[in-house]
Amino acid sequence: MIVIIDYGMGNLRSLKNAFEFLGHDVEISRDPSIVDSAARVLLPGVGAFGDAMKAIRDLDLEPLLHRQALELRKPVLGICLGMQLMAKESFEHGHHQGLGWFDASVQRLPNSPTAKVPQVGWNTLRILREEWLFEGIPAANDFYFVHSYHAVCTNPGDVAATTDHDGPITAVMARDNIIAAQFHPEKSQDNGLQFLQNWLDRDLS
């Protein structure tokens, strides 16, 4: 079973629909007993970093998330804001501490005549590593992005794929059992579904 963490922010229903379309059992929950019983955990998110971390802490979900990812070492996938929450810190509307699973800083996207902020729409990934995540996805791929901030990783080895926004920015972070994508796979049609299926098929224990 897959559990999508419900902390009040995120495209929960569309993500649930995507996994059900792929034939998997999905629960949307914040109940510790249900989350503990999950084989895989998804951390979604749409909105502001500070508000999201406040909601997670107000609901006392931070220890639960740490247990899933760091102690039980379950496969955990972060999507969009959920990816950014895995960083050490964010500078979106102030300075906020994240979950700290990646040594990364969330910063505002560069703005230029050729790269508007927010980035909204389709963009191509440049795959650097963790090629299994992109198996079955054509080289001329497109994924759907909606964001104004991005994760700047201290360790280049944590970056599995980049996309172009007036230069390369992090599109996918990966280390061991923790995967995170800045794009929305549930909105990325066949490529997004294949990305989710590849994550589901991989033994990350």
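Scroll up to find the structure this text is about.
Owing to the predicted nature of the structure, the values given are computational and were not obtained by experimental measurement. (Residues numbered from 1 in each chain as written. Predicted model: local features only at pLDDT ≥ 70, side-chain atom pairs only at ≥ 80, totals over all residues. Heavy atoms only, no water.)

1. Let's talk about the overall build of the protein chain
Alright, step 1. When you go through the protein chain residue by residue, the secondary structure sums to 6 helices and 14 strands.
Alright, step 2. Relative to a compact globule of 205 residues, whose C-alpha radius of gyration would be 17 Å, the protein chain shows 16 Å and is just as compact.
Alright, step 3. Taking the principal axes of its C-alpha atoms as reference, the protein chain extends roughly 50 × 40 × 30 Å.
Alright, step 4. By residue count, 55% of the 205 residues in the protein chain fall in the buried class.
Alright, step 5. A total accessible area of about 8,900 Å² is found for the protein chain, and carbon and sulfur atoms account for 48% of it.
Alright, step 6. Distance between charge centres in the protein chain, computed from 17 positive and 26 negative side chains, equals 3 Å. (Helix = DSSP H or I, 4+ residues; strand = E, 2+ residues; numbered from the N terminus. Rg over C-alpha atoms; globule rule 2.2 N^0.38 Å. Buried < 20%, exposed > 50% of the residue type's maximum accessible area, 1.4 Å probe, protein only. Areas by Shrake-Rupley, 256 points an atom, 1.4 Å probe, with all protein chains shown as cover. Lys, Arg positive; Asp, Glu negative; His and termini not counted. Charge placed at Lys NZ, Arg CZ, Asp CG, Glu CD.)

2. Details of the sheet that holds strand E4 (residues 76-79)
Each strand in a sheet pairs with another by means of backbone hydrogen bonds, the pair being arranged parallel or else antiparallel.
Alright, step 1. One open sheet holds the 8 strands; their spatial order is E2-E1-E3-E4-E14-E13-E12-E9, and the pairing between them is mixed. Pairing within the sheet leaves two strands with one partner each, and these edge strands are strand E2 (26-29) and strand E9 (125-127). Each neighbouring strand pair of the sheet contributes to a mean axis angle of 25°, computed without reference to strand direction.
Alright, step 2. Sheet topology places strand E3 (residues 40-43) next to E4; 3 bridges connect them, and they run parallel. The residue bridging Leu-43 from the neighbouring strand is Gly-78, located in E4.
Alright, step 3. The strands touched by helix H1 (residues 12-21) are strand E1 (2-5), E2 and E3; relative to E2, the strand with the most contacts, the crossing angle is about 160°. (Pairing = 2+ DSSP bridges. Axes fitted to C-alpha atoms, helices over the stretch in contact; angles between N-to-C directions. Contact = heavy atoms within 4.5 Å.)

3. Regarding the layout of surface pockets
Alright, step 1. Estimates place the volume of the largest pocket at around 180 Å³.
Alright, step 2. Around the largest pocket, the lining comprises 15 residues; the ones closest to its centre are Val-46, Gly-47, Cys-80, Val-146 and His-147.
Alright, step 3. Taken together, the elements giving at least two residues each to the lining of the largest pocket come down to helix H5 (81-85) and strand E10 (143-147).
Alright, step 4. Of the residues in the lining of the largest pocket, the class split is 5 nonpolar, 8 polar and 2 charged. (1 Å grid on protein atoms, 1.4 Å probe; cavity = no way out; pocket = protein on both sides within 12 Å on 5 of 7 lines; lining within 4 Å. Points joined across faces, edges and corners; volume = space filled by probe spheres on them. Nonpolar A, V, L, I, M, F, W, Y, C, P; charged D, E, K, R; others polar.)

4. So, unusual backbone geometry
Alright, step 1. Between Val-117 and the following residue, Pro-118, the backbone shows a cis peptide bond with an omega angle of 5°.
Alright, step 2. Along the polypeptide, Pro-118 turns up in the loop between strand E7 (102-108) and strand E8 (119-123).
Alright, step 3. Positioned with a positive phi, Arg-73 is a non-glycine residue whose angle comes to about 55°.
Alright, step 4. Within the secondary structure, Arg-73 sits in the loop between helix H4 (62-71) and E4.
Alright, step 5. The exposure class assigned to Arg-73 is partly exposed, which follows from its relative accessible area of 42%.
Alright, step 6. Of note, Asp-166 is a non-glycine position whose phi angle comes to about 60°, a positive value.
Alright, step 7. Tracing the chain through its elements places Asp-166 in the loop between strand E12 (159-164) and strand E13 (168-175).

5. Digging into the environment of Gly-8
Alright, step 1. Note on placement: Gly-8 falls in the loop between E1 and H1.
Alright, step 2. On the accessibility criterion, Gly-8 (62% relative accessible area) is exposed.
Alright, step 3. Sequence spacing of Gly-8 and Asp-158 is 150 residues, and the spatial spacing of their C-alpha atoms is 28 Å.

6. So, the environment of Ala-69
Alright, step 1. Position of Ala-69 relative to the elements: it lies in helix H4.
Alright, step 2. Looking at Ala-69, the relative accessible area reads 0%, which means it is buried.
Alright, step 3. Put simply, Ala-69 and Gly-157 are 88 residues apart on the chain and 19 Å apart in space, counted from C-alpha to C-alpha.
Alright, step 4. Other than its neighbours up to four places away in sequence, Ala-69 contacts Val-76, Trp-101, Asn-177 and Ile-178.

7. As for the pattern of salt bridges
Alright, step 1. Here the structure, examined in full by the defined rule, presents 9 salt bridges.
Alright, step 2. A salt bridge links Asp-6 to Arg-30, with the nearest nitrogen and oxygen atoms 3.7 Å apart. A residue pair is termed long-range when its members are at least 10 positions apart, and Asp-6 in the loop between E1 and H1 and Arg-30 in the loop between E2 and helix H2 (32-37) qualify at 24 residues.
Alright, step 3. The partner of Lys-88 in a salt bridge is Asp-103, and the shortest N-O contact between them spans 3.1 Å. In this pair, Lys-88 is assigned in strand E5 (residues 87-90) and Asp-103 in strand E7, connecting sequence segments 15 residues apart.
Alright, step 4. The class for Lys-88 is partly exposed, based on a relative accessible area of 38%. (Salt bridge = Lys/Arg side-chain N within 4 Å of Asp/Glu carboxyl O.)

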